[in-house]
Amino acid sequence: MRGYDAWVLGDCVASNTPEPTAQVFEQARLVSSARVEPSLHIDFAAGMAPATSRRMNAIDLLKQQHREVEDLFEKIEKAEQPSEKAQLFHELASKLVGHDAIEREIFYPACEEAMGLDDQLGEALVEHGVVEFSLYQADQALGASDFDFKVKVLKELVEHHVEEEEKEFLPKAQKALA
């Protein structure tokens, strides 16, 4: 794990400690009572009794986030007003940054520990950097004539990454982390 205690990531609080502090729980309550545990499960009822908490496998969460991002790309493409595109792009950027942090700071290190740094994981890490650069480029073009082009390239990069991740890497990771 990398050196941090907790981050608020969209509607999640990521923590690298097995028992997050009261401050982490307070952050979780402020956002949505969610936390990412190092065990790679999501506890959506942080602070509730174990019998009443719901848990989601981290891989299921990542796939859910992939669908949310796909939906936002579609909405951006259909939006006609620049202000609507900007609002949707900011939402997309927030989700991509949160998703990136969960994968790079929690999920990928756990995969590397369980499976080693293979070609698929190495490529996924590089793809994250390329997506991050493309996201920056689109953000800088917000309101400019080339914004739509840059969002299209960003979408294609994300689609490529998601396809490889879901078809090849995640099934392998699920077995290794089981």
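Presented here is an overview of the structure given in this document. Keep in mind that this is a model prediction, so the values were computed, not measured. For every chain, the first residue of the written sequence is number 1, and numbering continues from 1 along that sequence. Totals for whole chains, interfaces and linings use every residue, but because this is a predicted model, local features are given only for residues with pLDDT of at least 70 and side-chain atom pairs only at 80 or more, for both listing and counting. The side-chain figures draw on all heavy atoms in the structure; neither hydrogens nor water molecules are used.

**Overview of the overall build of the chain**
Okay, step 1: A count of helices and strands for the chain gives five helices and five strands.
Okay, step 2: Secondary structure is summarised from DSSP: a helix means a run of H or I of at least four residues, a strand means a run of E of at least two, and numbering begins at the N terminus for each. Mapped from its N terminus to its C terminus, the chain presents α and β elements in the order β-β-α-β-β-β-α-α-α-α.
Okay, step 3: Across the 178 residues of the chain, 42% fall into the buried class.
Okay, step 4: Taking all contacts inside the chain whose residues are at least 6 apart in sequence as the whole, residues at least 24 apart take part in 49%.
Okay, step 5: Each accessible area is a Shrake-Rupley result for a 1.4 Å probe, and residues are judged covered by the shown protein chains and nothing else. Within the structure as shown, the chain displays about 9,800 Å² of accessible surface, and the carbon and sulfur contribution to it stands at 53%. Working definition: with a 1.4 Å probe on protein chains only, accessible area under 20% of the residue-type maximum means buried, over 50% means exposed, and in between means partly exposed. Note on contacts: a residue pair qualifies if any of its non-hydrogen atoms lie within 4.5 Å across the two residues.

**Re the pattern of salt bridges**
Okay, step 1: Definition used for salt bridges: Asp or Glu carboxyl oxygen within 4 Å of a side-chain nitrogen of Lys or Arg. Summed over all chains, the structure comprises 14 salt bridges.
Okay, step 2: One salt bridge connects K155 with E77, and the closest N-O pair in it is separated by 3.0 Å. Of this pair, K155 sits in helix α5 (residues 147-177) while E77 sits in helix α2 (residues 58-78); the two residues are 78 residues apart in sequence, bridging distant segments of the chain.
Okay, step 3: The shortest N-O distance in the salt bridge between D118 and K172 comes to 2.3 Å. Separated by 54 residues along the polypeptide, D118 in the loop between α3 (82-115) and α4 (119-140) and K172 in helix α5 bring together distant segments of the chain.

**So, the packing of α3 against α5**
Between two packed helices, what matters for the description is the angle formed by their axes and the separation of those axes.
Okay, step 1: Interhelical geometry of α3 versus α5 gives an angle of 30 degrees and a closest axis separation of 12 Å. Our classification of the angle between α3 and α5 gives roughly parallel. Helix-helix and strand crossings are classified by hand; for α3 and α5 the assignment is left-handed. Inter-axis angles, ranging from 0 to 180 degrees, are taken between N-to-C directions of lines fitted to C-alpha atoms, where helices are fitted over the stretch in contact. Put simply, angles under 35 degrees are roughly parallel, angles over 145 are roughly antiparallel, angles from 65 to 115 are roughly perpendicular, and the rest are oblique. Left-handed describes a crossing whose near helix is turned anticlockwise from the far helix through less than a right angle; right-handed describes the clockwise counterpart.

**Considering the environment of L88**
Okay, step 1: Relative to the assigned elements, L88 resides in helix α3.
Okay, step 2: Between the C-alpha atoms of L88 and L72, which are 16 residues apart in sequence, the distance is 6.7 Å.
Okay, step 3: Among residues more than four places away in sequence, those in contact with L88 are L72, K75, I76 and A79.

**Notes on α2**
Okay, step 1: What a helix is expected to span follows from its residue count: subtract one and scale by 1.5 Å. Compared with an ideal rise of 1.5 Å per residue, which puts 21 residues at 30 Å, α2 spans 31 Å between its outermost C-alpha atoms and is within 8% of the ideal.
Okay, step 2: Polar contacts, as counted here, are pairs of nitrogen or oxygen atoms within 3.5 Å of one another; within protein the pair requires one atom able to donate a hydrogen and one able to accept it, and residues that are adjacent in sequence qualify only if both atoms are side-chain atoms. Capping of α2 at its N-terminal end is provided by N57; its side-chain oxygen lies 2.7 Å from the backbone amide nitrogen of I59.

**A short note on the environment of L125**
Okay, step 1: Along the chain, L125 falls in helix α4.
Okay, step 2: Taking the C-alpha atoms as reference, L125 lies 10.0 Å from H161; in sequence the two are 36 residues apart.
Okay, step 3: If we skip the residues at most four places from it in the chain, L125 touches R104, Y108 and L117.

**Points about α5**
Okay, step 1: Over its 31 residues, α5 extends only 40 Å from the first C-alpha to the last, a length that falls short of the 45 Å expected when each residue adds 1.5 Å.
Okay, step 2: Along α5, the helix axis deviates most sharply at E165, where the bend reaches about 45 degrees.
Okay, step 3: Every buried residue of α5 is listed here: F147, V151, L154, K155, V158, H161, V162, E165, E166, F169, L170 and A173.
Okay, step 4: Packing partners of the buried residues in α5 comprise α2, α3 and α4. We define the bend at any residue as the angle between the axes fitted to the seven residues before and including it, ending there, and the seven starting there.

**So, the nonpolar core**
Okay, step 1: The nonpolar core is taken to be a set of buried Ala, Val, Leu, Ile, Met, Phe, Trp, Tyr and Cys residues, with the residues joined through side-chain atoms within 4.5 Å. Counting residues in hydrophobic clusters, the biggest one holds 19 residues, and the most contacted among them are F89, L92, L154 and V158.
Okay, step 2: At the level of elements, α2, α3, α4 and α5 are the ones that each hand at least two residues to this core.
Okay, step 3: In contact with F89, not counting residues within four places along its chain, are I76, L135, A138, D139, L142, F147, V151 and L154.
Okay, step 4: Grouped together as the second largest cluster of nonpolar side chains are 12 residues, L61, F107, C111 and L121 included.

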